[in-house]
Amino acid sequence: MDQPKDRFGRGVNYIRVSVTKRCNLRCAYCMPMDGSLVHPNNDILTISQITRLIALFAPAGIRKVRLTGGEPLLRKGIFSLIRDLKSIPGIDEVTMTTNGVLLEKNIPLLQEAGLDRINISLDSLKAERLRAISGHDIHQTVMRAIRRVAEERIWPVKINVVAIRGFNDDEILDFVQLARDLPVEVRFIEMMPTAHNRLFRGRSAIAAAEMERIVRERYKLRPAPHAPAGGPAEVYEIVGGAGRIGFVAPLSRHFCGGCNRLRLTAEGALRSCLFSDGEVDLGRGFLENAHDQWFIDRFKEALAVKPKGHGLTAASGAPCEKPMAAIGG
Ligand code: SAM
Ligand code: SF4
């Protein structure tokens, strides 16, 4: 089937799947300190339900699946899920976003399962700051995993950095240096006003233009070849460097016009926009043993209600009601 289009003509071929609401960290912009809002984990889709849905959505145009969470490496069955998704005709790419804490020891299993690419979240290069924002001592573990994956070129790596004024704005150039030294793409992300964000207030979010200005004062950048046009990130090569940098600007640059994605929450709802709490619930279909066509119809329904844009600005700040960990970021 041709790539499905929503009512604004946007082709949708990408789905982000939150495979668990649980997490081993408590990032201050994502989760309440005790994690209470996302426990327990007993109302989430099974591995075979996720596989069934993706197998139904692939003929309807989905080509690329990103596994996220919560922390996807905590999910039992994650390796067989990757293997199963990779065997679905039409699925070109299975990728993952992880906090990297459990990554290094799982590299062989992820390779064996066929993972194509990986995004690793890292908000500071300083051990104490990472402990403060995530609640855990993770610096050495995550840095070791990043170096290993990048240096051995196990997968193409993107490093997600949520930019926060007063926390890591003085590290922007250090992160660029990391992307000069290692073959990674460092992506600076504008912090979003999601539910349970304990850091979003006043001017705490930093606009991409401000970050870009800081980088350009020190480094020469040129637009990266092969960066997907209309994708969420503006990507640049650092002249003379091994890697690249990108800016993801959901608030200041409104990339909604090129949005190609749907989200499947851990509980089994299709969400057509990160910031729209209008969801299409698939759980009822599993409870009532619905036929395949019922799920395909819900997929079409989610496309039909996909909003034109999220309508957010840094000033409006109306958050989505669900914690990011349940939606998947
Ligand atoms: N636990 C995994 C991780 O941290 O990479 C995957 C789930 S996490 C929700 C996915 C991505 O969302 C991470 O890169 C995280 O930094 C980002 N994120 C979470 N809350 C955010 C917020 N309020 N604004 C911007 N990015 C956010
Ligand atoms: Fe966990 Fe990722 Fe949220 Fe941090 S951003 S609390 S690692 S789900």
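This text follows the structure it describes.
Draft legend 1. Representation of the sheet that holds strand β9 (residues 244–248) in the model. With respect to topology, 12 strands assemble into an open sheet ordered β7-β8-β9-β6-β5-β4-β3-β2-β1-β10-β11-β12, the strand pairing being mixed. Either end of the sheet is taken by a strand with one partner, and the two such strands are β7 (221–223) and β12 (279–281). Within the sheet, the average angular offset between the axes of one strand and its neighbour, ignoring direction, is 25 degrees. Against the sheet, helix α6 (residues 172–181) engages β5 (157–163), β6 (184–190), β8 (233–238) and β9, with an angle of about 155 degrees to β6.

Draft legend 2. Up close: the pattern of salt bridges. Inspection of every chain in the model, using the stated rule, returns 20 salt bridges. Close ionic contact of Arg131 with Glu128 constitutes a salt bridge, the shortest N to O distance being 2.9 Å. Here the residue Arg131 and the residue Glu128 both occupy positions in helix α4 (residues 127–134), the gap between them amounting to three residues, near one helical turn. Judged by its relative accessible area of 49%, Glu128 falls in the partly exposed class. Among the ionic contacts, a cluster of salt bridges with common partners joins Glu104, Arg144, Arg148 and Glu152.

Draft legend 3. How the structure looks around the packing of helix α1 (residues 47–57) against helix α9 (residues 292–304). Axis separation between α1 and α9 bottoms out at 10 Å; the angle between their running directions is 70 degrees. As judged from the angle between their axes, α1 and α9 are roughly perpendicular. Classified by chirality, the crossing of α9 by α1 is right-handed. Note on element contacts: α9 touches α1 through Asp292, Phe295, Ile296 and Phe299, opposite Arg52, Leu53, Leu56 and Phe57. Grouping the amino acids of the contact of α1 with α9 by side-chain chemistry returns six nonpolar, no polar and two charged.

Thresholds applied
Residues numbered from 1 in each chain as written. Chains lettered and ligands numbered in written order. Predicted model: local features only at pLDDT ≥ 70, side-chain atom pairs only at ≥ 80, totals over all residues. Heavy atoms only, no water. Pairing = 2+ DSSP bridges. Helix = DSSP H or I, 4+ residues; strand = E, 2+ residues; numbered from the N terminus. Axes fitted to C-alpha atoms, helices over the stretch in contact; angles between N-to-C directions. Contact = heavy atoms within 4.5 Å. Salt bridge = Lys/Arg side-chain N within 4 Å of Asp/Glu carboxyl O. Buried < 20%, exposed > 50% of the residue type's maximum accessible area, 1.4 Å probe, protein only. Parallel < 35°, antiparallel > 145°, perpendicular 65-115°, else oblique. Left-handed = near helix turned anticlockwise from the far one by under 90°. Nonpolar A, V, L, I, M, F, W, Y, C, P; charged D, E, K, R; others polar.

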